Amino acid sequence: MTIARIDTKKRMSRIVKHNGVIYLCGQVCTDSTRGITEQTQTMLTKVDALLEEAGSDRAHILSATIYVKDMQYFSEMNEVWDRWVPEGHAPARACVTANMARDELLVEISVIAAEK
């Protein structure tokens, strides 16, 4: 059983692979000055890129934990999420309110996926 760590820094690895399971570090938007819709879209685009790099895709996501700064953003975030998740491939999911690392961040996601 090997553990592969990709793009490892002092505090975290962007991707960790173990026994056919892929763990992504928390992903946030590319532009925190934007609203919840744009932050969610760019956050999920980053997830797509990391999954591809790791040998997976959104249809293979097993679990997602979504952290939202305030539940006032819940339905707008879900509109983007619902368009992004392939029909019939919804992962196990949790969504919680959380303090963010930077005040302007509105949403973050942590993903676990299977390799293709």
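Please refer to the structure higher up on the page.
Note that this is a predicted model, so its numbers are computed, not measured.

**Points about the sheet that holds strand 2 (residues 13-18)**
With respect to topology, six strands assemble into an open sheet ordered 1-2-3-6-4-5, the strand pairing being mixed. The open sheet has two edge strands with one neighbour each: strand 1 (3-8) and strand 5 (92-97). In this sheet, adjacent strand axes meet at a mean angle of 10° when their direction is disregarded. Strand direction decides the pairing type here: strand 4 (residues 61-68) and strand 5, joined by six bridges, are parallel. Paired with Val68 across the two strands is Thr97, which belongs to strand 5. With respect to the sheet, helix 1 (residues 36-54) is in contact with strand 1, strand 2, strand 3 (21-24), strand 4 and strand 6 (107-114), its orientation differing from that of strand 6 by roughly 25°.

**Overview of unusual backbone geometry**
Excluding glycine, residues mostly carry a negative phi; peptide bonds, for their part, are mostly trans. Positive phi, close to 55°, is recorded for Asp7, a residue that is not glycine. Positionally, Asp7 belongs in strand 1. In this structure, Asn19 takes a positive phi of about 50° despite not being glycine. Here Asn19 shows up in the loop between strand 2 and strand 3.

**Looking at the nonpolar core**
Core analysis: the biggest nonpolar cluster contains 25 residues, and Leu24, Trp81 and Ile109 have the highest contact counts within it. Listing elements by their share of this core, those giving two or more residues are strand 3, helix 1, strand 4, helix 2 (74-84) and strand 6. Element by element, the count of residues in this core is highest for helix 1, at seven residues. The residues touching Ile109, leaving out its near neighbours within four places in the chain, are Cys25, Gly26, Gln27, Met43, Leu44, Val47, Ala64, Thr65, Ile66 and Trp81.

**Re the packing of aromatic side chains**
With the rule as written, the count across this model stands at one aromatic pair. Ring geometry for Trp81 and Trp84: centres 5.5 Å apart, planes at 40°, overall tilted. Linking Trp81 with Trp84, this pair stays in helix 2, spanning three residues, or about one helical turn. The pair formed by Trp81 and Trp84 is uniform in burial state, with each residue classed as buried.

**Regarding the packing of helix 1 against helix 2**
Put simply, helix 1 and helix 2 touch, their axes get as near as 8 Å, and they point 35° apart. As helix 1 runs across helix 2, the sense of the crossing is right-handed. Contacts from Ile36, Thr37, Thr40, Gln41, Leu44, Val47 and Asp48 of helix 1 reach helix 2 at Glu76, Met77, Val80, Trp81, Arg83 and Trp84. Broken down by class, the residue content of the contact of helix 1 with helix 2 amounts to seven nonpolar, three polar and three charged.

Reading the values: the criteria
- Residues numbered from 1 in each chain as written.
- Predicted model: local features only at pLDDT ≥ 70, side-chain atom pairs only at ≥ 80, totals over all residues.
- Heavy atoms only, no water.
- Pairing = 2+ DSSP bridges.
- Helix = DSSP H or I, 4+ residues; strand = E, 2+ residues; numbered from the N terminus.
- Axes fitted to C-alpha atoms, helices over the stretch in contact; angles between N-to-C directions.
- Contact = heavy atoms within 4.5 Å.
- Core = buried A, V, L, I, M, F, W, Y, C linked by side-chain atoms within 4.5 Å.
- Buried < 20%, exposed > 50% of the residue type's maximum accessible area, 1.4 Å probe, protein only.
- Phe/Tyr/Trp six-rings, centres within 6.5 Å; stacked < 30°, edge-to-face > 60°.
- Left-handed = near helix turned anticlockwise from the far one by under 90°.
- Nonpolar A, V, L, I, M, F, W, Y, C, P; charged D, E, K, R; others polar.

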